[in-house]
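# What the coordinates show
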Amino acid sequence: MCDMEVKNPAVCPRDCPDVCSINVTKENNKLTKISGNKEHPITKGFLCNKAYRYLDRTYSKKRLKKPLKRIGTKGNKENFEEIEWDEALDIIVNNFKEIIEKWGSEAILPYSYKGTMGMLNSEGMDRRFFHKLGASKLERTICSEAGKEAFKDVMGDLCATDPENTKEVDLMILWGANSATTGIHQMAYAKSVSQKGGSVICIDVYENLTAKKSDHFIKINPATDGALALGLINIIINEELYDKDFVDRWTYGFDKLSERVKDYPAEYVSKITGIDIKTIRWLAHEYANNPHSFIMIGNGPQHYLNGDLTVRNITCLPALTGSWKYKGGGAIRSNGGYFKLNSRSLYREDLLPKETRKINMNQLGHALLKVDDPPIKSLVVYSANPMASAPAGRLIREGLKREDLFTVVIEQFMTDTAAYADVVLPTTTFFEHTDIYKSYWHTYLQLGEAKIPPLYESKSNFDIFKELAQKMGFGEECFYQTEEDVIKEIIDSESPYLEGLTFDKLKENGFFKLNITGNYLKDIGGIFSTPSGKIEFYSNRRENDGLDPLPAFKYDTDVDIETINVSSTNSFRLVSPPNHYFLNSTFNEVDSLRNKAKNPTVKIHPNDAKKLGIISGEMITLKNEYGDIDIEAKVSDVSMPGVLIGESIWGPSYCPGGKNLNELTYDKLSPRGRGAVFFSTFVEIESGR
């Protein structure tokens, strides 16, 4: 029998801005081939190196096939036995009822993130279940909250440039965005800019794949991007290179900004950033003289203790040059604000019996070990792998080892987190369930329908939480709805961006373009959702929150500008950007990708290696107050001296001693957004020789 192409495309569910549309073929009800959907205006027929391996994941022999019950010590992946679904769900429900009776419902904590971007399976039936249960709430801030809050301080909402039009600009700056690894379709637009004679500039803390593919690369000291932005603003204002008409009409607080940036001349900024004065001046002129420009603000700059200030400063730049008025001009931190769906219907917060406490996901280890009122007595993990991906891994491990902690993990594979569970439930891949997807980058809403029945005995997150709700005796109609019922409810919105959207239209084509014209000022209605109704250089929102209302720079650590990031002592900043072959810890289990990634390494500058007598291939020990790990050193000048680059995330079980870089990363929180500050981590090095 010949392969038959499935009518409607699937949708890549990973935590990636591209949210690709995927064509699928199958034979005898087995998927045999996937490819990028040529009809989708963003995907345009190609996928990343990871997405092409989805069939390897779906049909992997490592997939969990039945529910599992722990029969031995926590942390050993072999200490489980298979059980039936009814028994597994009964164990969970009985434990929940006992915990609630003795400790109260807040003793139960859900832990999830974006293991799938599908709204029904990542933030739908689960939210309803835990709201009705009265469980503690999880602050899901590990990725981008600091940057989002900073962008809103300036622009008012998470509505930015339509990325489809960025290929039209004359200048594109990829600022802390390794798009060649984390968003290849933005990289395709960058290539178009270069091919038509424009310029692409990459600003990053190390020479990554995007840097190599750009026209210009500017290497910067970590955590100093905010100072560079202020230095550029200083030059643009002092030399009157800004768009006076745009500033007068569309911005608020320009005069006060002008005074503030006098403190950031190029000479001072050069000392902070490690970028020579000539390059800083060149960049300022290049940007100001090409107002038809676009800045992709990546995740990297916000993962420091000063990350919100950094993103806020960068976001001010397009308003000075007036680039927002050009097609494709401006900037993107997130476009999630355009997707004004009916979230009330999805989350059903009205089911909460009372307001419950919040626990930040970046501090899971502390939360599990804390003697609180009530203590966390049950943890339910789904769409996440905190033992690999969350900060302060040692604390998480110690917390998960607690014999009095009842842990449930919903997973496709036996992950490092699942090894500590009392019950493991096998869940479906996106080919096996129906869901709806939005992007935080492009402006297409997409429907992904199930392409094959659930493999083995797996169930979707959506169905698992429905069944748990019913076994708990929850009688509300929302716990008996189908996927189609919920999708119809959440797309029922009065937002002008969704006008004309129906379920039938979504089902017929697979995707729906939001009502975005590409004219940014027109798309937002000519009024910014800031207190002033304008782009705010002087932020009323920050002032109301008791924060400095003007752009500013401060270090994320107490270091003198003359010695920042220069390792005169055995102290190094550890930066752990994404590995090209993984997405967080997902795809660790795909042998072909893991073999390409080879093994965990940390890149150390030749100057530092020479000082410590370290050679490439040597095993070294990194340590700080959070713990220690062994890892292979690779001598490379991709970053500044004093900076270690460890591309991640490798699951702990693939690392020496069962510990990955997140054993060492700080679990402090950003002042704005309470987000993760992975890159504000410092370590010492011990050589094994």
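This text follows the structure it describes.
Residues numbered from 1 in each chain as written. Predicted model: local features only at pLDDT ≥ 70, side-chain atom pairs only at ≥ 80, totals over all residues. Heavy atoms only, no water.

## As for the overall build of the protein chain
A tally of regular secondary structure across the protein chain gives 25 helices and 28 strands. For the C-alpha atoms alone, the extent of the protein chain along its principal axes is close to 70 × 65 × 55 Å. Looking at the protein chain residue by residue over its 689 residues, the buried ones come to 64%. Counted over contacts in the protein chain with a minimum sequence separation of 6, partners at least 24 positions apart contribute 75%. Taking the average location of the 87 positive side-chain charges in the protein chain and that of its 95 negative ones, the two points are 2 Å from each other. (Helix = DSSP H or I, 4+ residues; strand = E, 2+ residues; numbered from the N terminus. Buried < 20%, exposed > 50% of the residue type's maximum accessible area, 1.4 Å probe, protein only. Contact = heavy atoms within 4.5 Å. Lys, Arg positive; Asp, Glu negative; His and termini not counted. Charge placed at Lys NZ, Arg CZ, Asp CG, Glu CD.)

## Describing the nonpolar core
Nonpolar side chains tend to gather and get buried jointly when the protein is soluble and globular. Formed by 169 residues in total, the largest nonpolar core has its most connected members in Tyr 111, Phe 129, Trp 175, Leu 320 and Leu 425. Per element, the largest residue contribution to this core is 9 residues, and it comes from helix α9 (residues 225-238). Every residue in contact with Tyr 111, bar those within four places of it in the chain, is listed here: Leu 138, Ile 142, Met 361, Leu 364, Leu 379, Val 380, Val 381, Tyr 382, Ala 384, Pro 386 and Ala 390. If you look at the next biggest cluster of nonpolar residues, it comprises 31 residues, including Tyr 54, Ile 184, Tyr 437 and Ala 597. (Core = buried A, V, L, I, M, F, W, Y, C linked by side-chain atoms within 4.5 Å.)

## Structural notes on the packing of aromatic side chains
On inspection of all chains with the given rule, the structure shows 28 aromatic pairs. Judged by centre distance (6.3 Å) and plane angle (70 degrees), the ring pair of Tyr 252 and Tyr 538 falls under edge-to-face. Linking Tyr 252 in strand β12 (residues 251-252) with Tyr 538 in the loop between β22 (535-536) and α23 (540-544), this pair joins segments that are 286 residues apart in sequence. Relative accessible area serves as the criterion here: at 32%, Tyr 252 is assigned to the partly exposed category. Centroid distance Phe 474 to Phe 479: 5.6 Å. Interplanar angle 45 degrees. Geometry classified as tilted. Phe 479 gets classed as buried once you look at its relative accessible area, which sits at 0%. (Phe/Tyr/Trp six-rings, centres within 6.5 Å; stacked < 30°, edge-to-face > 60°.)

## Here's the deal with the layout of surface pockets
By volume, the second largest pocket amounts to about 1400 Å³. Glu 123, Arg 127, Glu 145, Lys 148 and Tyr 347 are, among the 47 residues lining the second largest pocket, the residues nearest its centre. Mapped by element, the contributors of at least two residues to the lining of the second largest pocket are α3 (119-123), α4 (125-133), β8 (137-139), α5 (145-155) and α15 (343-347). Taken together, the residues of the lining of the second largest pocket sort by class into 15 nonpolar, 13 polar and 19 charged. (1 Å grid on protein atoms, 1.4 Å probe; cavity = no way out; pocket = protein on both sides within 12 Å on 5 of 7 lines; lining within 4 Å. Points joined across faces, edges and corners; volume = space filled by probe spheres on them. Nonpolar A, V, L, I, M, F, W, Y, C, P; charged D, E, K, R; others polar.)

## A closer look at empty space enclosed by the protein
Rolled over the atoms, a probe with the dimensions of a water molecule shows which regions are left empty. Tallied over the entire structure, the rule returns 2 cavities of 30 Å³ or more. For the largest cavity, the calculated volume is near 80 Å³. What lines the largest cavity is a set of 13 residues, and nearest its centre among them are Pro 600, Ile 631, Cys 655, Asn 660 and Leu 661. Ranked by residues supplied to the lining of the largest cavity, first place goes to strand β26 (residues 627-635) with 3 residues. Across the lining of the largest cavity, the residue classes break down as 7 nonpolar, 3 polar and 3 charged. One number sums up the size of the second largest cavity: a volume of about 40 Å³. Taken together, Ala 160, Thr 161, Asp 162, Gly 329, Tyr 338, Ile 516, Gly 518, Asn 519, Tyr 520 and Asp 523 make up the lining of the second largest cavity. Of the residues assigned to the lining of the second largest cavity, the class counts are 4 nonpolar, 4 polar and 2 charged.

## What about the side chain of His 442?
Turning to its location among the elements, His 442 is positioned in the loop between β19 (435-437) and β20 (444-448). At 2.9 Å, the side chain of His 442 forms a polar contact with the backbone oxygen of Asp 18. His 442 has contacts with Pro 17, Asp 18, Val 19, Ile 42, Pro 163 and Phe 339, leaving out every residue within four places of it along the chain. (Polar contact = N/O pair within 3.5 Å; in protein donor to acceptor, adjacent residues only side chain to side chain.)

## Quick notes on the sheet that holds β20
Spatially, 3 strands are ordered β19-β20-β21 in an open sheet, and the strand pairing comes out antiparallel. Each edge of the open sheet is held by one strand with a lone partner, namely β19 and β21 (511-513). Here the strands of the sheet are splayed against their neighbours by 15 degrees on average, with no regard to which way each runs. (Pairing = 2+ DSSP bridges. Axes fitted to C-alpha atoms, helices over the stretch in contact; angles between N-to-C directions.)

## Brief notes about the sheet that holds strand β5 (residues 68-70)
Pairing is mixed across the open sheet formed by 6 strands, whose spatial order is β6-β5-β18-β17-β16-β7. Two strands close off the open sheet at either side, each with one partner strand: β6 (80-82) and β7 (108-112). Averaged over neighbouring strand pairs, the angle between their axes works out to 20 degrees when direction is ignored. Across 5 bridges, the pairing between strand β16 (residues 378-382) and strand β17 (residues 406-411) is parallel. Within β17, the position partnered with Tyr 382 by the bridge is Ile 410.

## Structural notes on unusual backbone geometry
Glycine aside, residues mostly have negative phi angles, and peptide bonds mostly take the trans form. In this chain, Asp 373 is followed by Pro 374 through a cis amide linkage whose omega measures 0 degrees. With respect to the element layout, Pro 374 can be found in the loop between α16 (364-369) and β16. Omega for the peptide link from Ser 648 to Ile 649 comes to 20 degrees, which places this bond in the cis form. One non-glycine residue with positive phi stands out, namely Tyr 456, at about 55 degrees. Following the sequence through the fold, Tyr 456 ends up in the loop between β20 and α19 (461-471). Backbone geometry places Arg 674, a non-glycine residue, at a positive phi of 50 degrees. The residue Arg 674 is located in the loop between β27 (643-645) and β28 (681-687) in this model.

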